[in-house]
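Here's the letter readout for the chains.
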Amino acid sequence: MKSTEPGTMNSTEIDDLRAPSHWSRVYAQNRSLPVLVYLAANGGFFALLFGLAAGGGMAAKAGHPALAVLASIGFFVAYGAMMLLVFSKRGHRWIDEQYQRLYTCEGSVKIESKRRQRYQWLGYAVGAFFGTCITAEVLLGLHGYLPLSLMQPVSALYCVPFMVFMWWWQRPASTWVMLLGPALYAAHALLLVSGLPIPQDNMWAGIHMMGAICGYGMLAALLSHAYSRYALRRLQHAAHGNARNGQG
Amino acid sequence: MNELDKTLHEPARLRIAMILSGVDVVDFNFLLTALGLTRGNLSSHMDRLEKAGYVAIDKGYNGKIPRTMYRLTDEGRGALELYWAAIDSIRSIPGNSIQDLRADPAPDR
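The structure displayed is predicted, hence computed values, not measured ones. (Residues numbered from 1 in each chain as written. Chains lettered and ligands numbered in written order. Predicted model: local features only at pLDDT ≥ 70, side-chain atom pairs only at ≥ 80, totals over all residues. Heavy atoms only, no water.)

Peer 1: Can you help me understand the overall build of chain A in this one?
Peer 2: Helix and strand content of chain A: ten helices and one strand. Listed N to C, the secondary structure of chain A is α-α-α-α-α-β-α-α-α-α-α in terms of helices and strands. Per-residue burial for chain A yields a buried fraction of 44% across its 248 residues. Within chain A, contacts between residues separated by at least 24 positions form 78% of all contacts whose residues are at least 6 apart in sequence. (Helix = DSSP H or I, 4+ residues; strand = E, 2+ residues; numbered from the N terminus. Buried < 20%, exposed > 50% of the residue type's maximum accessible area, 1.4 Å probe, protein only. Contact = heavy atoms within 4.5 Å.)

Peer 1: How do you make sense of the packing of helix α2 (residues 19–30) of chain A against helix α1 (residues 11–22) of chain B when you look at a structure like this?
Peer 2: Two quantities define a packed helix pair, namely the angle between the axes and the distance from one axis to the other. Close contact between α2(A) and α1(B) brings their axes to 7 Å; oriented N to C, the two are set at 40°. Looking at the two axes, α2(A) sits oblique to α1(B). Seen from above, α2(A) lies across α1(B) with right-handed handedness. For the pair α2(A) and α1(B), the contacting residues are A:Pro20, A:Ser21, A:Ser24 and A:Arg25 in the first and B:Arg15, B:Met18, B:Ile19, B:Ser21 and B:Gly22 in the second. Residue composition of the contact of α2(A) with α1(B), grouped by class: three nonpolar, four polar and two charged. (Axes fitted to C-alpha atoms, helices over the stretch in contact; angles between N-to-C directions. Parallel < 35°, antiparallel > 145°, perpendicular 65-115°, else oblique. Left-handed = near helix turned anticlockwise from the far one by under 90°. Nonpolar A, V, L, I, M, F, W, Y, C, P; charged D, E, K, R; others polar.)

Peer 1: Looking at this structure, how should I read the nonpolar core?
Peer 2: Nonpolar side chains in soluble globular proteins tend to end up buried together. In terms of nonpolar packing, the biggest core is built from 46 residues, with B:Leu31, B:Leu42, B:Met46 and B:Trp84 touching the most fellow members. Breaking this core down by element, the ones donating at least two residues are α2 and α10 (202–240) of chain A together with α1, α2 (28–35), α3 (39–51), β3 (65–72) and α4 (74–91) of chain B. Discounting residues that sit within four places of it in the chain, B:Leu42 has contacts with B:Ile16, B:Phe28, B:Leu31, B:Leu32, B:Leu35 and B:Leu37. Counting residues in hydrophobic clusters, the runner-up holds 36 residues, among them A:Tyr38, A:Tyr158, A:Val160 and A:Phe165. (Core = buried A, V, L, I, M, F, W, Y, C linked by side-chain atoms within 4.5 Å.)

Peer 1: When you look at the side chain of A:Ser155 in this model, what are you seeing that I'm missing?
Peer 2: Residues and elements named next belong to chain A. Within the element layout of this structure, serine 155 appears in helix α8 (residues 151–169). Classification of serine 155 as buried rests on a relative accessible area of 0%. There is a polar contact of 2.6 Å between the side chain of serine 155 and the side chain of tyrosine 185. Not counting residues up to four positions away in its chain, the partners in contact with serine 155 are Glu137, Tyr185 and Met209. (Polar contact = N/O pair within 3.5 Å; in protein donor to acceptor, adjacent residues only side chain to side chain.)

Peer 1: Sorry if this is basic, but what is going on with the sheet that holds strand β1 (residues 109–110) of chain A here?
Peer 2: Ordered by their spatial adjacency, four strands build an open sheet running β1(A)-β1(B)-β3(B)-β2(B), and the pairing between neighbours is antiparallel. Only two strands of the sheet have a single neighbouring strand rather than two, namely β1 of chain A together with β2 (55–62) of chain B. Note: β2(B) against β3(B), eight bridges, orientation antiparallel. Looking at β3(B), one finds that B:Ala56 is bridged to B:Arg71. Contacting β1 of chain A together with β1 (25–27) and β3 of chain B, α2(B) runs over the sheet at an angle of about 80° to β1(B). (Pairing = 2+ DSSP bridges.)

Peer 1: Any chance you could explain the confidence of the model for chain B here in plain terms?
Peer 2: Caution applies to low-pLDDT parts of the model: their predicted coordinates are not meant to be read in detail. Residues and elements named next belong to chain B. Predicted confidence across chain B gives a mean pLDDT of 83, with 83% of residues reaching 70 or more. Mean pLDDT per element in chain B: β2 is the minimum at 88, and α3 is the maximum at 94. With pLDDT under 50 throughout, residues 102–109 is counted as low confidence; its partners more than four residues away or in other chains account for 17 contacts. (pLDDT = per-residue confidence, 0-100.)

Peer 1: Looking at this structure, I do not really get α2(A). What am I missing?
Peer 2: Counting along an α-helix, one turn takes 3.6 residues, and residues three or four places apart therefore face a common direction. All names here are of chain A. Counted at 1.5 Å a residue, the expected span for α2 with its twelve residues is 16 Å, and the 17 Å between its end C-alpha atoms agrees. With respect to burial, α2 is a largely interior element, nine of its twelve residues being buried. Among the residues of α2, Pro20, Ser21, Trp23, Ser24, Val26, Tyr27, Ala28, Gln29 and Asn30 are the ones counted as buried. (Expected span 1.5 Å × (residues − 1).)

Written as structure tokens, this is what we have:
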């Protein structure tokens, strides 16, 4: 119940005044539209890397070494560009520009990750390790050393820790909702290992890995975006009330 | 009993400070979206908070568009903590209602 005398607050209204702090934080953590853009860009890179690796392998087998070399060069250029997007200042600036563009109407609100700023080298190290793992696995799979049915479950062994690391690295700016991505990817791996009858040819192996990483990430980002809309409503509800008392 | 901070004991300014306490940096547009105040009114509240040393202002550009960013200072954070401690101590006294807060000191407008 609101007090009637201007400028006075009853007990409930005083408690309501604590809410904006919580909801502004939840809203800031869940503004995930740039994550969707970022995952879509990474999905494009994944598809390009997969295509170049598969194409290079096929060219080598078909006796076209020049094409295979070209595909390998393309692979490493695309890989470098992806690493730039993920870990460089320029990549972060690009994401920041998308962030500003997508939220122009609502304005800017930020929580800074001191961990990410302080330990940038750690990001490079983990990113390089992740890139090495994924490259090695794709090469092993293409040369027949790793069964296609085990590609996604094996990738979960390093992808899930990598995604959890990325979440931790960006704390407190990241939201717990984004942990849904690695959780679903791990569940996907467990279902495949448990013998679920899922298609496992060349194309499907790629979809199980790259498609799942981006797909589950985008699903988590969409849910996070929906949560941000809810948080904004709660924030406006909490912050509008008596704020009008301060008008005029 | 702790005295209430006159700058913060005003609903709009307290809400602004609470929003800022939950995040690191916000811009003017975000505060407009969240609070629903008029531009002039929000601006005067922000001036008041800045003069008290509770808010740091950083003016810059986003491309060609001017942008004003606000951040709660350490002093502001401390003042907010003291404010809530004072409110809680007043509320813990049996028979004290929050309307009593109006009696001493009055909110500064």
